[in-house]
Amino acid sequence: MKIIDGKATARAIKEEIKAEVDIMISAGHRNPHLAAILVGHDGGSETYVAYKIKDCKDVGFKSSLVRFEDDVAEEVLLEKIRELNNDDELDGFIVQLPLPSHINEQNVIETIDPTKDVDGFHPVNVGRTVIGLPSFVSATPNGIIELLKRYHIETSGKHCVVVGRSNIVGRPMSILMSQKSINATVTVAHSRTKDLESLCASADILIAALGAPGFIKSHMVKEGAVVIDVGTTRIPSTETKSGFRLKGDVVYEEVAPKCAFITPVPGGVGPMTRVSLLSNTLMAAKGNIYT
Ligand code: GUN
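Described below are features of the structure shown in this document. (Residues numbered from 1 in each chain as written. Predicted model: local features only at pLDDT ≥ 70, side-chain atom pairs only at ≥ 80, totals over all residues. Heavy atoms only, no water.)

Secondary structure assignment for the chain yields 10 helices and 11 strands. By the compact-globule yardstick of 19 Å for 291 residues, the chain fits well, its C-alpha radius of gyration being 19 Å. Taken along the three principal axes of its C-alpha coordinates, the chain extends 50 × 40 × 40 Å. A burial count over the chain gives 48% of its 291 residues as buried. Across the chain, the fraction of contacts at a sequence separation of at least 24, relative to all contacts at a separation of at least 6, is 70%. Summed over all atoms, the accessible surface of the chain reaches about 13800 Å², with 53% contributed by carbon and sulfur. (Helix = DSSP H or I, 4+ residues; strand = E, 2+ residues; numbered from the N terminus. Rg over C-alpha atoms; globule rule 2.2 N^0.38 Å. Buried < 20%, exposed > 50% of the residue type's maximum accessible area, 1.4 Å probe, protein only. Contact = heavy atoms within 4.5 Å. Areas by Shrake-Rupley, 256 points an atom, 1.4 Å probe, with all protein chains shown as cover.)

Here you go:
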């Protein structure tokens, strides 16, 4: 069994990005610039945005944080997005989700200029991904593909079961796994899937993205499978400074001994998700990715 070290891989990619930024700067370009819009004070969102800003600093990107209180009117938020769309000093931006319930998330996503949509959530980017055109791909699936490539994991002809069909992870993941460069045969499982346990046990590559801590147990995993755990549920803990710890969708201790490869939580997919946003921002800074 081999542990896929997302933390070390992300660190290596950050070094690569930083080296590219240094080259851009010496060629007379300005620093790549990412902005984040944060609405309200949700603890998880605050933490994720703080990480994004720190990551930018680590690789030599400029970052900006735009804050709104959670009673902000949707139109005010949309107007800010239009302003950022037209800001030539900004390469890409994200609106941290989830948003308060009075704001229509889809309106927000569709107001972002697709060429600045480094989250890859705009339907233009999702659609371009589906038909294999250059696009911004959402960070978690992008990071998982990068891990599979860097660990030289055979995907061609393999049966990949993706558990979860969210727009951010499960669905784009299933699309990427079926693409010509990856060539897996993909099954998307979800809450209505019949006999989920034996379906999971038939997977050569099992991608667990349901957000249900400890859902995938040993009997649901084939001997020699590759298991990618996307779960990052925050659960209260007395052992950490933050008062939380992350729990994956996979019962690691009992599943790991059966696997060829497995991602731990934390230190697997999470750091790759973070670094993918940087890769997308660098792509945006280098010019129009659609040409
Ligand atoms: N909330 C949870 N994950 C994400 C993400 O990747 N991007 C944004 N904008 N919000 C999120």
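Counting 47 residues, the largest nonpolar core has Ile17, Phe61, Ile144, Met177, Ile207 and Ile228 as its most contacted members. The element best represented in this core is helix 10 (residues 269–286), accounting for eight residues. Beyond its immediate sequence surroundings of up to four residues, Met177 is in contact with Ile145, Leu148, Thr155, Cys160, Ile182, Asn183, Ala184, Val186, Ile205 and Ile207. (Core = buried A, V, L, I, M, F, W, Y, C linked by side-chain atoms within 4.5 Å.)

On to the layout of surface pockets, then. In this structure, the second largest pocket spans a volume of roughly 440 Å³. Forming the walls of the second largest pocket are 27 residues, and the residues nearest its centre are Val137, Asn142, Ile145, Glu146 and Lys149. At seven residues, the largest contribution of residues to the lining of the second largest pocket is made by helix 10. Of the residues that constitute the lining of the second largest pocket, the class distribution is 12 nonpolar, 10 polar and five charged. (1 Å grid on protein atoms, 1.4 Å probe; cavity = no way out; pocket = protein on both sides within 12 Å on 5 of 7 lines; lining within 4 Å. Points joined across faces, edges and corners; volume = space filled by probe spheres on them. Nonpolar A, V, L, I, M, F, W, Y, C, P; charged D, E, K, R; others polar.)

Our next topic: the sheet that holds strand 8 (residues 226–229). Note on sheets: strands pair through backbone hydrogen bonds, and any given pair is parallel or antiparallel. Read from one edge of the open sheet, six strands run 1-11-8-7-5-6, paired in parallel fashion. Single-partner strands in this sheet number two, and they are strand 1 (2–3) and strand 6 (185–189). As paired elements, strand 7 (residues 205–208) and strand 8 share four bridges and run parallel to each other. Note that in strand 8 the partner of Leu206 across the bridge is Val227. (Pairing = 2+ DSSP bridges.)

Here the structure, examined in full by the defined rule, presents one aromatic pair. Summarising the aromatic geometry, the rings of Tyr151 and Phe261 are spaced 6.4 Å apart at their centres and angled 75° between planes, so their arrangement reads as edge-to-face. Of the two residues, Tyr151 sits in the loop between helix 6 (139–150) and strand 5 (159–163) while Phe261 sits in strand 11 (residues 261–262), which places them 110 residues apart along the sequence. A relative accessible area of 19% means that Tyr151 is categorised as buried. With relative accessibility at 17%, the residue Phe261 sits in the buried group. Positioned above the aromatic ring of Tyr290, the side-chain terminus of Arg128 is 3.9 Å from the ring centre. The side chain of Arg234 reaches across the aromatic face of Phe244, ending 4.0 Å from its centre. (Phe/Tyr/Trp six-rings, centres within 6.5 Å; stacked < 30°, edge-to-face > 60°. Lys NZ or Arg CZ within 6 Å of the ring centre and 35° of its normal.)

By the definition in use, this model includes two cavities of 30 Å³ or more. Size it by volume and the largest cavity reaches roughly 40 Å³. In this structure, the largest cavity is lined by Val95, Leu97, Val108, Ile109, Ile112, Asp117, Asp119 and Phe121. Along the lines of polarity and charge, the residues of the lining of the largest cavity split into six nonpolar, no polar and two charged. Approximately 30 Å³ is the volume attributed to the second largest cavity.

Here we take up the packing of helix 1 (residues 6–26) against helix 2 (residues 43–59). Look at helix 1 against helix 2: their axes get within 8 Å of each other, and the N-to-C directions meet at 55°. Here helix 1 is positioned oblique relative to helix 2, judged by the angle of their axes. Along its contact with helix 1, which presents Lys14, Ile17, Lys18 and Val21, the element helix 2 presents Lys54, Asp55, Asp58 and Val59. Considering only residue class, the contact of helix 1 with helix 2 consists of three nonpolar, no polar and five charged. (Axes fitted to C-alpha atoms, helices over the stretch in contact; angles between N-to-C directions. Parallel < 35°, antiparallel > 145°, perpendicular 65-115°, else oblique.)

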